[in-house]
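Analysis of the macromolecular model
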Amino acid sequence: MEENIFKETSKTKNLACDFLRKGEIVAIKAETVYGLVCDASNQKSISKIYQIKKRPNFNPLIIHVNSKEMADKIAFFNDDAVKLIKKYWPGPLTLILPKRETKLIHDKATAGLKTVAVRMPKSRIFLEIISLLQKPVAAPSANESGYITSTNAEHVKESFGDNLKIIIDSGKSTLGLESTIIDMTKKPYLIRRLGIITKESILNTLGIHTVLYNTSISSNRPNSPGQLSKHYSPKTPLVLNVIKPKKNEAFLAFGKQLNKNNFTLNLSVDGNLKEAAHNLYDYLRRLDKMEKKRIVVSPIPYQGIGEAINERLKRASKKND
Ligand code: TXA
Ligand code: MG
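Attention here is on the structure that accompanies the text. (Residues numbered from 1 in each chain as written. Chains lettered and ligands numbered in written order. Predicted model: local features only at pLDDT ≥ 70, side-chain atom pairs only at ≥ 80, totals over all residues. Heavy atoms only, no water.)

1. Side note on the pattern of salt bridges
Note the following rule: We define a salt bridge as a contact between a side-chain nitrogen of Lys or Arg and a carboxyl oxygen of Asp or Glu at a distance within 4 Å. Helical segments are the DSSP runs of H or I of at least four residues, strand segments are the runs of E of at least two, and each set is numbered from the N terminus. Per-residue accessibility, obtained with a 1.4 Å probe over protein chains only, is compared with the maximum for each type, and a residue is labelled buried under 20%, exposed over 50%, and partly exposed between these values.
Within this structure, the stated rule accounts for 22 salt bridges. Salt-bridge contacts for arginine 124 lead to glutamate 128; the nearest nitrogen and oxygen are separated by 3.7 Å. With arginine 124 and glutamate 128 both in helix α5 (residues 124-133) and four residues apart, this pair spans about one turn of that helix. Overall, arginine 124 belongs to the exposed group, its relative accessible area being 53%. Sharing partners across several salt bridges, the network here consists of Glu8, Lys13, Arg124 and Glu128.

Below you can see the structure in the form of structure tokens.
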């Protein structure tokens, strides 16, 4: 296999940018998870992202910007959207907004929808790359569609091998969960994906009656394209809320555990949910490699970001529809 992981330096960032200008895809770190990045106006590179991820073409991509000014070129913001971004941008919040007619975003990136998902990431390298390119970039998470998300450069390499020319290694993503997504195209606004930014925090910012969380897990296309029921899934079957693993099971533990062996990884011995989110995908990938009969998971509290962690695990544990 060709070496395609490069340490983050100004030279490799410029190289990545040259590749983007030529219509190539590069993988870089967001504060949430690693992303596959391309020029959002370039049809060829967008198609390539769908192809290497094996992503259904009805599932639109998030468009990443480095400023409100850039976001204004591609989307219409209402007052509530402005309120949210004042609080959370740059950071792990994606807004679905009405899309402007613009050459900056190819229709393929938004799967032909009249809406666009926009986010300004906090990760320094992401912001630098957008600034070098001086254009918005489209970026899904850097994993094959349906499989566990990548939170470091090695994960990306495991997922795509030689299909990528450049993966920039900037260490492990700090947060470890994808951004929270809120659909602001109609009221009541709908949280479509939970993340580190919780439902409570958004409710506090916008007022209690404006936000609902869509808990329905649908395997159909309609109102929430990417939210297919089975997602984030290891190849090994996953079973939730298990206190004590059996001999042929790998164990994803949480909190104080008596069970300590080579097939146990503990998300957070201290029961810290932020730490658990940071470790979640890496540990799932590692347990998957152990090729045990099942991966069983400790109960994880539903408070705060525990809700997002449980939601991811629930999808990961779904059997094929
Ligand atoms: O943290 C993140 O959000 C990462 C990093 C790389 O920024 N990106 C990410 O992208 O998680 P992805 O493609 O794995 O998830 C994007 C989700 C999908 O579920 C997709 O259906 C939804 O956003 N989405 C994108 N545009 C949409 C739109 N216009 N309407 C509804 N959902 C949309
Ligand atoms: Mg994803």
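That was the structure; now back to the text.
2. Some points on unusual backbone geometry
Cis geometry marks the peptide bond from tryptophan 89 to proline 90, where omega comes out at -10°. In the segment running from lysine 187 into proline 188, the intervening peptide bond is cis, with an omega of -5°. Inspection of the secondary structure assignment puts proline 188 in the loop between β9 (180-183) and β10 (189-193). Here lysine 54, not a glycine, exhibits a phi torsion of approximately 55°, which is positive. With phi around 55°, tyrosine 232 is a residue other than glycine that occupies positive phi space. Positionally, tyrosine 232 belongs in the loop between β11 (211-213) and β12 (238-239). With a relative accessible area of 2%, tyrosine 232 lands in the buried category.

3. A short note on the state of the cysteines
Just so we agree on the cut-off: The term disulfide is used for any two cysteine sulfur atoms that are within 2.5 Å.
All chains considered together, the criterion is met by zero disulfides. Free of any disulfide, cysteine 17 has its nearest cysteine sulfur in cysteine 38, 13 Å distant. The class for cysteine 17 is buried, based on a relative accessible area of 1%.

4. Examining helix α1 (residues 10-21)
Condition: For a helix, the expected span equals 1.5 Å multiplied by the residue count minus one. To be clear, the arc concerns the directions from the helix axis to the C-beta atoms. Any two residues whose heavy atoms approach within 4.5 Å at even a single point are treated as in contact.
With twelve residues, α1 ought to run about 16 Å at 1.5 Å a step, and its terminal C-alpha atoms sit 17 Å apart, in line with that. Those residues of α1 lying buried are Thr12, Lys13, Ala16, Cys17, Phe19 and Leu20. Buried positions in α1, seen along its axis, are confined to an arc of 155° and lie on one side of it. Along α1, exposed side chains directed more than 90 degrees from the buried face belong to Ser10 and Lys11. Where α1 is buried, its residues contact β1 (5-7), β2 (26-29), β3 (34-39), α5 and β8 (166-169). Immediately downstream of α1, the backbone of glycine 23 shows phi near 90°, a positive value.

5. Digging into the environment of glycine 171
Within the fold, glycine 171 resides in the loop between β8 and β9. Its relative accessible area of 30% is what places glycine 171 among the partly exposed residues. A C-alpha to C-alpha distance of 9.7 Å links glycine 171 and glutamate 154, two positions 17 residues apart in sequence. Discounting chain neighbours no more than four positions away, the residues touching glycine 171 are Lys29, Tyr34, Thr151 and Asn152.

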